[in-house]
Amino acid sequence: MKPIFAFCAICLMLTLNSCSKDDSSLYGTLKIRYENNRTWLPETLYLYSLDNTGFVLKEIKTQNLKAVTEHLLVGNYVLEKDSERLAFQILPDRTTTIYYSDAYFKVE
């Protein structure tokens, strides 16, 4: 009986450890940097899912900041500034950086 209990306990521990490693790969990082002579981002940026651009996932407040970092689930997103939209992808355990000024968006 003891060997069966020990085997089940080891299997349970291995299963729990493997799940925690998988969870970390579900997220990526979005870094938004403002490149202009001014030292701050526009006050609000809107984040949408590419699948449903009618629903705002997050309003990113950027008042008096030059850069913003957000941790997001892996997927395809749209960032809106005023009436301009930019589509981008968040990859697991990677950082997607968006540079923009009053004139352009640029993704790395």
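Values in this document were obtained by computation on a predicted structure and should not be read as measured data.

**Quick look at the overall build of the chain**
Now for step 1: A count of helices and strands for the chain gives one helix and eight strands.
Now for step 2: Helices and strands appear in the chain in the N-to-C order α-β-β-β-β-β-β-β-β.
Now for step 3: The buried share of the chain, taken over its 108 residues, is 31%.
Now for step 4: Relative to all contacts within the chain whose residues are 6 or more apart in sequence, the contacts with residues 24 or more apart total 56%.
Now for step 5: Approximately 7,500 Å² of the chain is accessible, and the part contributed by carbon and sulfur atoms is 56%.

**Observations concerning the side chain of Thr29**
Now for step 1: Examined against the element boundaries, Thr29 turns out to sit in strand β1 (residues 27–34).
Now for step 2: There is a polar contact of 3.3 Å between the side chain of Thr29 and the side chain of His71.
Now for step 3: Setting aside anything within four residues of it in sequence, one finds Thr29 in contact with Thr69, Glu70, His71, Ile90, Arg94, Thr95 and Thr96.

Rules used throughout
- Residues numbered from 1 in each chain as written.
- Predicted model: local features only at pLDDT ≥ 70, side-chain atom pairs only at ≥ 80, totals over all residues.
- Heavy atoms only, no water.
- Helix = DSSP H or I, 4+ residues; strand = E, 2+ residues; numbered from the N terminus.
- Buried < 20%, exposed > 50% of the residue type's maximum accessible area, 1.4 Å probe, protein only.
- Contact = heavy atoms within 4.5 Å.
- Areas by Shrake-Rupley, 256 points an atom, 1.4 Å probe, with all protein chains shown as cover.
- Polar contact = N/O pair within 3.5 Å; in protein donor to acceptor, adjacent residues only side chain to side chain.

In short, shape yes, function no, at least from these values alone.
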